[in-house]
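# Notes for the structure review
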Amino acid sequence: MQFRAGRLPGLVLIEPRVFADDRGFFQELFHRGRFADAGIDVDFVQDNLSRSKAGVVRGLHYQIEQPQGKLVRALRGEVFDVAVDLRRSSPTFGQWEGFRLSEDNQLAVYIPPGFAHGFSVLSDSADVLYKCTALYAPQHERTLLWNDPTVNVAWPHSQPPIVSGKDLAGLPFGHAEMFS
Ligand SMILES: Cc1cn([C@H]2C[C@H](O)[C@@H](COP(=O)(O)OP(=O)(O)O[C@H]3O[C@H](C)C(=O)[C@H](O)[C@H]3O)O2)c(=O)[nH]c1=O
């Protein structure tokens, strides 16, 4: 299990050790001690799984209270996974970073509390599994507009994406609630 720091402080890309044999493969998805040794000293309390078809963008979401750290991977398919730094105190406040996560590369990304999270589906379909460090609290959920021109995420899709009504109503960066 290899850990590599992302460009934005707190983001960590995790490459699992895959044990392949003539049956298939085995890998550990999370290991409390190894993650703590890598600086990700967290307990996960909720696992989420979403399936999305080609061209979908989900996000950019965050909980302004009870913020969630997320360990994100694509079990099937491929996504462009995006984290936006909403921590006013951060030197990279307002900046985004994206990671291609796929069934093939088996990479995972840890996104700490303080970021908005979303992804764009690059394959025909994608199953995204992610562990959260805080429970879902819809009353605290906020949406940053997925294509906000200030943040200016370079989404890799060519066609206009399929976006939920909630996400289409996301707030622009200048109006969104931020973390201290
Ligand atoms: C997030 C969540 C949703 N729900 C229910 C609420 C809705 O009835 C339904 C779909 O929810 P939503 O449209 O918010 O799902 P996504 O657009 O995939 O939201 C997620 O998208 C981005 C990528 C994230 O990082 C967040 O985890 C999460 O906000 O599931 C629950 O019951 N529990 C939950 O934890």
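What counts and how
Residues numbered from 1 in each chain as written. Predicted model: local features only at pLDDT ≥ 70, side-chain atom pairs only at ≥ 80, totals over all residues. Heavy atoms only, no water. UniProt positions renumbered as here; feature names shortened; annotations may be inferred. Helix = DSSP H or I, 4+ residues; strand = E, 2+ residues; numbered from the N terminus. Buried < 20%, exposed > 50% of the residue type's maximum accessible area, 1.4 Å probe, protein only. Contact = heavy atoms within 4.5 Å. Pairing = 2+ DSSP bridges. Axes fitted to C-alpha atoms, helices over the stretch in contact; angles between N-to-C directions. Phe/Tyr/Trp six-rings, centres within 6.5 Å; stacked < 30°, edge-to-face > 60°.

## What about the UniProt feature "active site" (unreviewed entry) in the protein?
Under the UniProt annotation, the feature "active site" (unreviewed entry) is placed at His-61 and Tyr-130. In sequence the annotated residues extend across 70 residues, while in space they remain close, none of their C-alpha pairs exceeding 13.5 Å. Mapped onto the secondary structure, His-61 falls in strand β6 (residues 57-63). A residue is classified by how much of its surface remains accessible, and His-61, at 16% relative accessible area, is buried. Among residues more than four places away in sequence, those in contact with His-61 are Lys-70, Phe-115, Ala-116, His-117, Glu-141, Arg-142, Thr-143, Lys-166 and Asp-167. For Tyr-130, the position within the fold is in strand β12 (residues 125-132). Residues contacting Tyr-130, with those up to four places away along its chain left out, are Gln-46, Asp-47, Asn-48, Lys-70, Leu-71 and Val-72.

## Side note on the pairing of strand β1 (residues 2-5)
Within a regular strand, the side chains alternate between the two sheet faces. Bridge count for β1 against strand β2 (residues 12-15) is four bridges, and the pairing is antiparallel. By the bridge assignment for β2, Arg-4 is matched with Leu-13. Joining the antiparallel neighbours β1 and β2 is a turn of six residues, in which Gly-10 adopts a positive phi near 105°.

## Concerning the sheet that holds strand β7 (residues 70-76)
Within a sheet, adjacent strands bond to each other through the backbone by hydrogen bonds, running parallel or antiparallel. Taken together, six strands build an open sheet; the order of strands is β1-β2-β10-β7-β12-β5 and the sheet is antiparallel. The sheet terminates laterally at β1 and β5 (46-53), the two strands that pair on one side only. Strand-to-strand twist of the sheet, defined as the mean angle between neighbouring strand axes without regard to direction, takes the value 25°. Pairing between β5 and β12: eight bridges, direction antiparallel. For Asn-48, the partnering residue across the bridge sits in β12 and is Tyr-130.

## Some points on the sheet that holds strand β8 (residues 78-85)
Taken together, five strands build an open sheet; the order of strands is β9-β8-β11-β6-β13 and the sheet is antiparallel. Here the strands that pair on one side only, and so sit at the sheet edges, are β9 (96-102) and β13 (141-143). The sheet shows a mean angle of 25° between the axes of neighbouring strands, taken without regard to direction.

## As for the packing of aromatic side chains
Across all of its chains, the model carries 10 aromatic pairs by this definition. Their ring planes at 90° and their centres at 5.1 Å tell us that Phe-3 and Phe-35 sit as a pair that is edge-to-face. Residue Phe-3 is found in strand β1, and its partner Phe-35 is found in helix α1 (residues 32-37); the two are separated by 32 residues along the sequence. On the basis of relative accessibility, which here comes to 0%, the residue Phe-35 falls in the buried class. Measuring from centroid to centroid gives 5.3 Å for Phe-93 and Phe-173, while their planes differ by 45°, and the two rings are tilted. Residue Phe-93 is found in the loop between β8 and β9, and its partner Phe-173 is found in the segment after α2 (165-168); the two are separated by 80 residues along the sequence. Joined through ring pairs, the aromatic side chains of Phe-3, Phe-30, Phe-35, Phe-44 and Tyr-110 make up one cluster.

## Considerations on unusual backbone geometry
Omega for the peptide link from Gly-59 to Leu-60 comes to 5°, which places this bond in the cis form. With respect to the element layout, Leu-60 can be found in strand β6. One non-glycine residue, Gln-66, lies in positive phi territory at about 50°. Counting through the fold element by element, Gln-66 comes out in the loop between β6 and β7.

## Concerning the pairing of β6
Across the seven residues of β6, six count as buried, placing the element largely inside the fold. The sheet contact formed by β6 and strand β11 (residues 115-121) spans three bridges and is antiparallel. Bridging across to β11, Arg-58 finds its partner in Phe-119.

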